[in-house]
Amino acid sequence: AQSVTQLDSHVSVSEGTPVLLRCNYSSSYSPSLFWYVQHPNKGLQLLLKYTSAATLVKGINGFEAEFKKSETSFHLTKPSAHMSDAAEYFCVVRQTGTYKYIFGTGTRLKVLA
Amino acid sequence: NAGVTQTPKFQVLKTGQSMTLQCAQDMNHNSMYWYRQDPGMGLRLIYYSASEGTTDKGEVPNGYNVSRLNKREFSLRLESAAPSQTSVYFCASSSTGAVLNSPLHFGNGTRLTVT
């Protein structure tokens, strides 16, 4: 069954510096991939989704993710971190041929002033 | 613009008590889901309903039952609560089918404590 692995459980960056949150997926002919964000004591919000129309996907709040089939990766990036980006981020895959969405274990992003 | 509505928001149970978590969506979505969130483990799928009239087990179904009451509503029942079921529970829905990249839409969660 398909799965995703988030390589870092915690990431700390300084405000104004780039953000990189890493996600690898198990191989599939055509994965459906998503990134979600969860601010403290809040629900989950969709950041972006991979549509297969383009390998570079733009999301909300300046986030982007690049689909790299050769590396089976879908890393999330942002050029300049803001204090409001401090949250937990989840990489999600919908298993091909099923209705199941499987979550990674999450990466908690800390932004330092 | 309600989206996915979960009730209650908070609940405290004693071991052995039962309760039902309610979920309703107004987006005409086919599929609905129940997840639990525990620190360091992400969200784990308990049960899902691909369409009205069907339900299937997810990763962690033991101790839970579900009912897809109609297209809008999907409830999660704990028959005999255990401390290990202390968690935050999220309901979600999706317009699944032919479109593979339909995202999940989430409710605001239910924080359940079992003592």
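Rules used in this analysis
- Residues numbered from 1 in each chain as written.
- Chains lettered and ligands numbered in written order.
- Predicted model: local features only at pLDDT ≥ 70, side-chain atom pairs only at ≥ 80, totals over all residues.
- Heavy atoms only, no water.
- Helix = DSSP H or I, 4+ residues; strand = E, 2+ residues; numbered from the N terminus.
- Rg over C-alpha atoms; globule rule 2.2 N^0.38 Å.
- Buried < 20%, exposed > 50% of the residue type's maximum accessible area, 1.4 Å probe, protein only.
- Contact = heavy atoms within 4.5 Å.
- Phe/Tyr/Trp six-rings, centres within 6.5 Å; stacked < 30°, edge-to-face > 60°.
- pLDDT = per-residue confidence, 0-100.

### Examining the overall build of chain B
No. 1: Counting its regular elements, chain B contains 0 helices and 11 strands.
No. 2: Reading chain B from its N terminus to its C terminus gives the helix and strand order β-β-β-β-β-β-β-β-β-β-β.
No. 3: Taking 2.2 N^0.38 as the reference for a compact globule, 115 residues should give roughly 13 Å; the C-alpha atoms of chain B span a radius of gyration of 13 Å, in line with that estimate.
No. 4: By principal-axis analysis of the C-alpha atoms, chain B measures approximately 40 × 25 × 25 Å.
No. 5: When the 115 residues of chain B are sorted by exposure, 50% land in the buried category.
No. 6: Considering only intrachain contacts with a sequence separation of at least 6, the fraction spanning at least 24 residues in chain B is 55%.

### Remarks on the packing of aromatic side chains
No. 1: What the rule picks out here adds up to 16 aromatic pairs over all chains.
No. 2: Each ring, one from Phe90 of chain A and one from Phe103 of chain A, has its centre 6.1 Å from the other, and the planes form 70°; the classification is edge-to-face. Taken together, the residues Phe90 of chain A in strand β10 (residues 87–94) and Phe103 of chain A in strand β11 (residues 101–103) connect sequence positions 13 residues apart.
No. 3: By relative accessible area, Phe90 of chain A is classed as buried at 0%.
No. 4: Residues Tyr101 of chain A and Tyr33 of chain B carry aromatic rings whose centres are separated by 5.4 Å and whose planes lie at 90° to one another, so their mutual orientation is edge-to-face.

### What to know about the confidence of the model for chain A
No. 1: On average, chain A scores 92 in pLDDT, and the residues at 70 or more come to 98%.
No. 2: Strand β3 (residues 19–21) of chain A holds the highest mean pLDDT among the elements of chain A, 98, whereas β11 of chain A holds the lowest, 92.

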